[in-house]
Amino acid sequence: MNTTILREGLFFGEGPRWHEGRLWYSDFYDHAVHAIDLDGNDERIVEVASQPSGLGWLPNGDLLVTSMLDRKLMRWNGSELTTHADLGNHFTWHANDLLVDQHGRAYIGNFGFDYEVFLDEQGIEGLFADPDSLTTVMCRVDPDGTINVASDGLIFPNGMVITPDGKTMIVAETLALRLTAFEIAADGSLSNRRVWADLSAHMAAPDGICLDSEGAVWIANALAPRLMRIGEGGVVLDEVETTMNTYACMLGGPEGKHLFAMTAPTSDSRHAPLEPNGAIEVVQVAVPHAGQP
């Protein structure tokens, strides 16, 4: 399968979500949330000065956006951007991806540490040498803005999905090279953590992820220009090559079979803002979207 380019000229795209007939996404260094249709018509929705990332919607239609650098969860009602929750007392570095469930509860991860400084000092080998020393938390923000720690001991928690029955969450632990599953209680709390897929044998670092109707997870492998379809246990069911490294993905389109990839030459925050060389790539696949987001 070969991808086609839906849009060029992004700095660094993240958080893609198919919503009301368009792909919504964040562009870090354009400091804005956009929405684009399948014909390439792109609308700049709202500016988020401190760098937007994860996206999701409350039951009333308000958009929630992660504001990375000030570690806040913002709320856009179509005309005004306000703070829904301040996560600064819980997150030790940039806020990152999020998932909003059907009840309006937002689950949000964070980097946990300045990985670029760490990478400069210890190299890529250092990132994976002792990942248990790099753990952080994922938080849950309830619809009233109350903050709870959903899970601790996570290693760069990133993309998340919830199965169609609402009972299981799968989280991408990027630097642990694995997908981790939790059971979801009625109050939104997480328990019974387990490894859903160990990807270390493939040296695959899952960034953004999405779920299909056969229960497989598509991952954006942040270490390569590649999307990978993963079954429980870690089996690789399919792969799609992209033109650049891929950092997030989403199933959408009219039948849920358009697989979108947010790609860029680099994720380095010292280089990505300099030139708008990122893109949105798309390919049609056989198995449609399921679950949330």
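Preceding block: the structure.
Nothing here was measured: the structure is a model prediction, and the numbers come from that model.

Caption draft 1: Structural detail: the pattern of salt bridges. Per the counting criterion, the structure on display carries 15 salt bridges. Between Asp 42 and Arg 7 there is a salt bridge whose closest N-O contact spans 3.2 Å. Note that Asp 42 is positioned in strand β5 (residues 42–47) and Arg 7 in strand β1 (residues 4–10), a separation of 35 residues in sequence. Under the relative-accessibility criterion, Asp 42 is labelled partly exposed at 29%. The salt bridge involving Arg 194 is made with Glu 232; its shortest N-O contact spans 2.8 Å. Taken together, the residues Arg 194 in strand β17 (residues 190–198) and Glu 232 in the loop between β20 (226–230) and β21 (236–241) connect sequence positions 38 residues apart. Since its relative accessible area comes to 38%, Arg 194 is described here as partly exposed. A cluster of three or more residues bridged by salt bridges with shared partners is formed by Asp 30, Arg 44 and Glu 47.

Caption draft 2: Main features of the side chain of Asp 142. Along the chain, Asp 142 falls in the loop between β12 (136–141) and β13 (147–154). On the accessibility criterion, Asp 142 (16% relative accessible area) is buried. A polar side-chain atom of Asp 142 sits 3.4 Å from a polar atom in the side chain of Asn 148.

Caption draft 3: Local environment of the layout of surface pockets. In this structure, the largest pocket encloses a volume near 630 Å³. Along the walls of the largest pocket sit 33 residues, with Tyr 115, Glu 116, Phe 156, Ser 267 and Asp 268 positioned nearest its centre. Per-element tally for the lining of the largest pocket: the top contributor is helix α1 (residues 115–129), with six residues. Here the residues of the lining of the largest pocket sort into 18 nonpolar, nine polar and six charged. The calculated volume of the second largest pocket comes to roughly 240 Å³.

Caption draft 4: Highlighting unusual backbone geometry. Cis peptide bonds are those with omega within 30 degrees of zero, and the linkage from Gln 292 to Pro 293 qualifies with 0°. With a phi angle near 85°, Gln 51 is a residue other than glycine that sits in the positive phi range. With respect to the helices and strands, the residue Gln 51 is situated in the loop between β5 and β6 (52–57). Using a relative accessible area of 7% as the deciding quantity, one classes Gln 51 as buried. We note that Arg 71 has phi near 55°; this positive angle belongs to a residue other than glycine. Within the secondary structure, Arg 71 sits in the loop between β7 (63–67) and β8 (72–76).

Caption draft 5: Highlighting the pairing of strand β22 (residues 245–252). Summarising burial for β22: seven of the eight residues are buried, a large majority. Two strands pair when backbone bridges link them, and β22 and strand β23 (residues 258–264) are joined in this way by seven bridges, in the antiparallel orientation. Bridge pairing in β23 links Asn 245 to Ala 264. Between β22 and β23, which pair antiparallel and follow one another directly, the connecting turn spans five residues, one of which, Gly 253, has a positive phi of 85°.

Caption draft 6: Broad picture of the sheet that holds strand β16 (residues 178–184). The strand order across the open sheet built from four strands is β14-β15-β16-β17, with neighbouring strands paired in antiparallel fashion. This sheet does not close on itself; its edge strands, each paired only once, are β14 (157–162) and β17. On average, each strand axis in the sheet is inclined to that of its neighbour by 25°, with strand direction left out of account. Two elements, β16 and β17, share six bridges in a ladder whose sense is antiparallel. Bridged to Ala 181 within β17 is Arg 194.

Caption draft 7: Quick look at the environment of His 258. Mapped onto the elements, His 258 comes out in strand β23. Judged by its relative accessible area of 14%, His 258 falls in the buried class. Residues His 258 and His 103, spaced 155 residues apart in sequence, show a C-alpha to C-alpha distance of 26 Å. Apart from residues lying up to four places away in sequence, His 258 is in contact with Leu 38, Met 250, Leu 251, Gly 252, Gly 253, Val 282, Val 283 and Gln 284.

Caption draft 8: Representation of the nonpolar core in the model. Core analysis: the largest hydrophobic core is formed by 22 residues, its most contacted members being Cys 210, Trp 218, Leu 227, Cys 249, Leu 259 and Ile 280. Those elements giving two or more residues to this core turn out to be β1, β3 (22–27), β19 (217–221), β22, β23 and β24 (278–284).

Procedures and definitions
Residues numbered from 1 in each chain as written. Predicted model: local features only at pLDDT ≥ 70, side-chain atom pairs only at ≥ 80, totals over all residues. Heavy atoms only, no water. Salt bridge = Lys/Arg side-chain N within 4 Å of Asp/Glu carboxyl O. Helix = DSSP H or I, 4+ residues; strand = E, 2+ residues; numbered from the N terminus. Buried < 20%, exposed > 50% of the residue type's maximum accessible area, 1.4 Å probe, protein only. Polar contact = N/O pair within 3.5 Å; in protein donor to acceptor, adjacent residues only side chain to side chain. 1 Å grid on protein atoms, 1.4 Å probe; cavity = no way out; pocket = protein on both sides within 12 Å on 5 of 7 lines; lining within 4 Å. Points joined across faces, edges and corners; volume = space filled by probe spheres on them. Nonpolar A, V, L, I, M, F, W, Y, C, P; charged D, E, K, R; others polar. Pairing = 2+ DSSP bridges. Axes fitted to C-alpha atoms, helices over the stretch in contact; angles between N-to-C directions. Contact = heavy atoms within 4.5 Å. Core = buried A, V, L, I, M, F, W, Y, C linked by side-chain atoms within 4.5 Å.

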